[in-house]
Amino acid sequence: MNKYAIFHKPESNYAYATAWNKLTIVLRVAANDKLDKVEILYNNKYSFTKTRSVISMARYVEDGIFAYYRAEITLSDARFAYIFKITEKGKVLYYSEEGLTEEYKFNLAYYTFFQFAFINSVDIMPVVEWTRNAVFYQIFIDRFARGDFDKDDKYINTPWDSEINRYSFTGGDLDGITGKLPYLKDMGINALYLTPIFLSESNHKYSIKDYLTVDPQFGDGEKLKKLLSSAHDSGMKVIIDTVFNHCDCKHEFFKDVVERGRESKYYDWFLIDGDYPDTKLGNYACFAECKHMPKWNTSNSDVRRYLTDIALEYLKTGFDGLRLDVADEISHEMWRQLRREVKATYPQALIIGEIWHDNEHWLKGDQFDGVMNYKLQKILVDYFGEVPLSAKDVADRMNRALIANTEQANANSLNFLDNHDTPRFLRTAGGNEDKLLCALCAMVMFPGMPCVFYGTEIPLDGDGDPDCRKPFDWTFKDRKAGFKENFYSILGLKKFTALQGIGCHICAKYGVLSITREAEKENVTAYFNTSGKAKKIEVNGDVIFSLNYKNNRLLNDGTVVVKNIKN
């Protein structure tokens, strides 16, 4: 056995509570270790030295380097102690806090067993209940639909059907979204993710001058209330993109610092090098290299109070959650404070962070519910788009992403193929609509909440910003026969109970990628073929969706989804 590969850590993604009396325990070993048996020896930590219960662990997933064993344990006592008993070729080894040993002194176990000293219910990370069947649709407001034709539209500088640039304003607004709610509901959408809507001179509104005033280009407070009310009446949730990393240099607080320098009460609200901020020199922290977007100092308690109050006001207005922009550049204390106060009043409000890289630091139950799942997006971009991965390669990478966080964090995260910051997936797939549909299906099958970027259902093409932000083509002139039906059917998979839970098994089978979601009474399995050759698939169950699948043969750029009822 490779002793250098074995790993476990309590109160992490390797050991976490899902209820006061339920624990999920994971042990990592080398993928090429062939073990006879892996067991957990456990008891109340005060009784462990005398007696122990035993539960076997199942080999759960592999990622090409490591294999992970997993067990779920129901407890009668919230004080929990445990070690691992590993049998390899008939030889028994023990794994505890003192490492891998051939013998274990149970009479002195209180020094070295792993433990949950006490499972406190307030520390358990929940799944936001309404997210289990959520299917999101992201809307970049200026480019989705115009509904108000009486507003002052002198700001519009680009016709709806023209080429756009970074400075284009095309006229989309809140009324446009409200008017298209029936269209979205018919697609199977039951949750909206809106990019920022508050006062800003940019078309994207990520440079905010006033956090509580709806930009008149989009509408006003009454039109926002109408949208939220209409969405809720249609059974839809709505989350808002919340920009707390930075503001616009014309925000009244920053303007006060520009005028008064260190004498301003807001001087320490920003991170300034010198007595006065110089907007030409940019002697202050800002978003990226954008001097017009000064960065908030969220180490300052007054700043945290100001921004947290804004978040609470958004939820009071009727939003069902917050998508937190540039979340990894903001202090952890800011997010801890925001979560405490948001969840105290709005326990079912969803908190999603924009994190592009490793994200476990924010997903311990004290900050975010979930993240924008860029790890999954990159895997899908590679497998269905740019990189010739084998089925085994992509299964390994998906498993690595799956095991990196708790099941609750995975369930609460937002899965997507593209968004306003990335090229359109159709461009990544070289214009191949079958690849787009396959990737969409894989995204829906993966644990978490699928999120469609507006226009993907046409499908819109486009490179990076600003090309990915083209206006929606309501003529649908480029849509090919059958695409709409396939697209809608894939989103409809989310209605199956198996896809609303947290169980997931990913592997390479029949030479293709296989993703299985499990529930108490049903399993749903999807197969995906990008090998360039047809593959024979043994299907046992009811086919509930297929693309390029005929007579048990899955063709290239094809998928088949099968449901099995458990007895």
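See the structure printed just above.
Residues numbered from 1 in each chain as written. Predicted model: local features only at pLDDT ≥ 70, side-chain atom pairs only at ≥ 80, totals over all residues. Heavy atoms only, no water.

Draft legend 1. Inspection of the sheet that holds strand E17 (residues 350-353) at higher detail. Here 8 strands make up an open sheet; going across it, the order is E18-E17-E16-E15-E12-E11-E20-E19 and the pairing parallel. Edge positions in the open sheet fall to strand E18 (370-371) and strand E19 (414-416), since each of these has one partner strand only. Taken together, the 3 bridges between E19 and strand E20 (residues 449-453) define a ladder with parallel strand orientation. Bridging across to E20, Leu414 finds its partner in Met449. Strands in contact with helix H12 (residues 433-445) are E19 and E20; relative to E20, the strand with the most contacts, it is inclined by about 145°. (Pairing = 2+ DSSP bridges. Helix = DSSP H or I, 4+ residues; strand = E, 2+ residues; numbered from the N terminus. Contact = heavy atoms within 4.5 Å. Axes fitted to C-alpha atoms, helices over the stretch in contact; angles between N-to-C directions.)

Draft legend 2. Focus on helix H5 (residues 252-260). Buried within H5 we find Phe253, Phe254, Asp256 and Val257. Relative to the axis of H5, the buried residues are bounded by an arc of 155° and lie together on one face. Opposite the buried face of H5, at more than 90 degrees from it, the exposed residues are Glu252 and Glu259. If you follow the buried residues of H5, they end up packed against helix H6 (301-317). Once H5 finishes, Gly261 follows within two positions and takes phi at roughly 60°, a positive value. (Buried < 20%, exposed > 50% of the residue type's maximum accessible area, 1.4 Å probe, protein only. Arc of directions from axis to C-beta.)

Draft legend 3. View of the sheet that holds strand E1 (residues 15-19). Pairing is antiparallel across the open sheet formed by 4 strands, whose spatial order is E1-E2-E6-E5. At either end of the open sheet lies a strand with only one pairing partner, and these are E1 and strand E5 (58-62). Across the sheet, the mean angle from the axis of one strand to that of its neighbour is 30°, orientation sign disregarded. In this structure, E1 lies alongside strand E2 (residues 22-30), joined through 4 bridges in antiparallel fashion. Looking at the pairing, Tyr16 lines up with Thr24 of E2. Sheet strands touched by helix H9 (residues 391-403): E2, E5 and strand E6 (66-74). Its angle to E5, the strand with the most contacts, is close to 115°.

Draft legend 4. Here's a closer look at the environment of Leu513. Looking at the secondary structure, you find Leu513 in strand E22 (residues 512-518). Leu513 sits in the buried class, given a relative accessible area of 0%. In sequence terms Leu513 and Ala5 are 508 residues apart; their C-alpha atoms lie 26 Å from each other. Residues contacting Leu513, with those up to four places away along its chain left out, are Tyr383, Ala391, Val394, Ala395, Met398, Ile506, Cys507, Ala526, Tyr527 and Phe528.

Draft legend 5. Layout of the pairing of strand E26 (residues 553-565). In this sheet, E26 lies alongside strand E23 (residues 522-529) in antiparallel orientation, the contact comprising 8 bridges. Bridge pairing in E26 links Tyr527 to Val560. Where strand E24 (residues 535-536) meets E26, 2 bridges bridge the pair, whose relative direction is antiparallel. Bridged to Lys535 within E26 is Leu554. Direction of pairing for strand E25 (residues 542-550) relative to E26: antiparallel, over a ladder of 7 bridges. Within E26, the residue paired with Val543 across the bridge is Val562. The turn joining E25 and E26, which pair antiparallel and follow one another in sequence, is formed by 2 residues; a positive phi near 50° is taken by Asn551.

Draft legend 6. Local environment of the pattern of salt bridges. Applying the stated criterion across every chain yields a total of 42 salt bridges. Across the pair Lys91 and Glu102 runs a salt bridge, and its minimum N-O distance is 3.1 Å. Of the two residues, Lys91 is situated in strand E8 (residues 91-96) and Glu102 in the loop between strand E9 (99-101) and strand E10 (114-116); the sequence distance between them amounts to 11 residues. Of the residues examined, Lys91 reaches a relative accessible area of 44% and is grouped as partly exposed. According to the relative accessible area criterion, Glu102 is exposed, its value standing at 52%. (Salt bridge = Lys/Arg side-chain N within 4 Å of Asp/Glu carboxyl O.)

Draft legend 7. Broad picture of a nonpolar patch on the surface. Taken together, the side chains of Leu108, Tyr110 and Tyr111 define a hydrophobic patch exposed on the protein surface, amounting to about 360 Å² of accessible area. Note that Tyr110 resides in the loop between E9 and E10. With a relative accessible area of 48%, Tyr110 lands in the partly exposed category. (Patch = residues over 30% accessible without salt bridge, like charges linked within 9 Å, V, L, I, M, F, W, Y side chains within 5 Å. Areas by Shrake-Rupley, 256 points an atom, 1.4 Å probe, with all protein chains shown as cover.)

Draft legend 8. Highlighting the state of the cysteines. Taken as a whole and judged by the stated rule, the model has 0 disulfides. Summary of cysteine pairing: Cys290 is not part of a disulfide, and the nearest cysteine sulfur, belonging to Cys286, is at 6.7 Å. Taking the relative accessible area as the measure of exposure, Cys290 reaches 23% and is therefore partly exposed. Cys441 forms no disulfide, and the closest cysteine sulfur to it belongs to Cys438, at a distance of 7.3 Å. (Disulfide = S-S within 2.5 Å.)

Draft legend 9. Focus on the nonpolar core. Grouped together as the largest cluster of nonpolar side chains are 145 residues, with contacts concentrated most on Phe136, Tyr137, Leu184, Leu192 and Phe528. Aside from chain neighbours lying at most four places away, what touches Phe136 is Trp130, Ile189, Ala191, Leu192, Tyr193, Ile239, Leu350, Leu414, Met449, Pro450, Cys451 and Val452. Ile6, Ala17, Leu27 and Ile73 belong to the second largest nonpolar core, which has 27 residues in total. (Core = buried A, V, L, I, M, F, W, Y, C linked by side-chain atoms within 4.5 Å.)

Draft legend 10. View of the side chain of Ser514. In this fold, Ser514 is placed in strand E22. Among residues more than four places away in sequence, those in contact with Ser514 are His505, Ile506, Cys507, Lys509, Thr525, Ala526 and Tyr527.

Draft legend 11. Up close: the packing of aromatic side chains. Summed over all chains, the structure comprises 50 aromatic pairs. Look at Tyr14 and Tyr68: their rings are 6.5 Å apart centre to centre, the planes differ by 40°, and that puts the pair in the tilted class. Taken as a pair, Tyr14 in the segment before E1 and Tyr68 in strand E6 lie far apart in primary sequence, 54 residues in all. With respect to class, Tyr14 is no different from Tyr68; both count as buried. (Phe/Tyr/Trp six-rings, centres within 6.5 Å; stacked < 30°, edge-to-face > 60°.)

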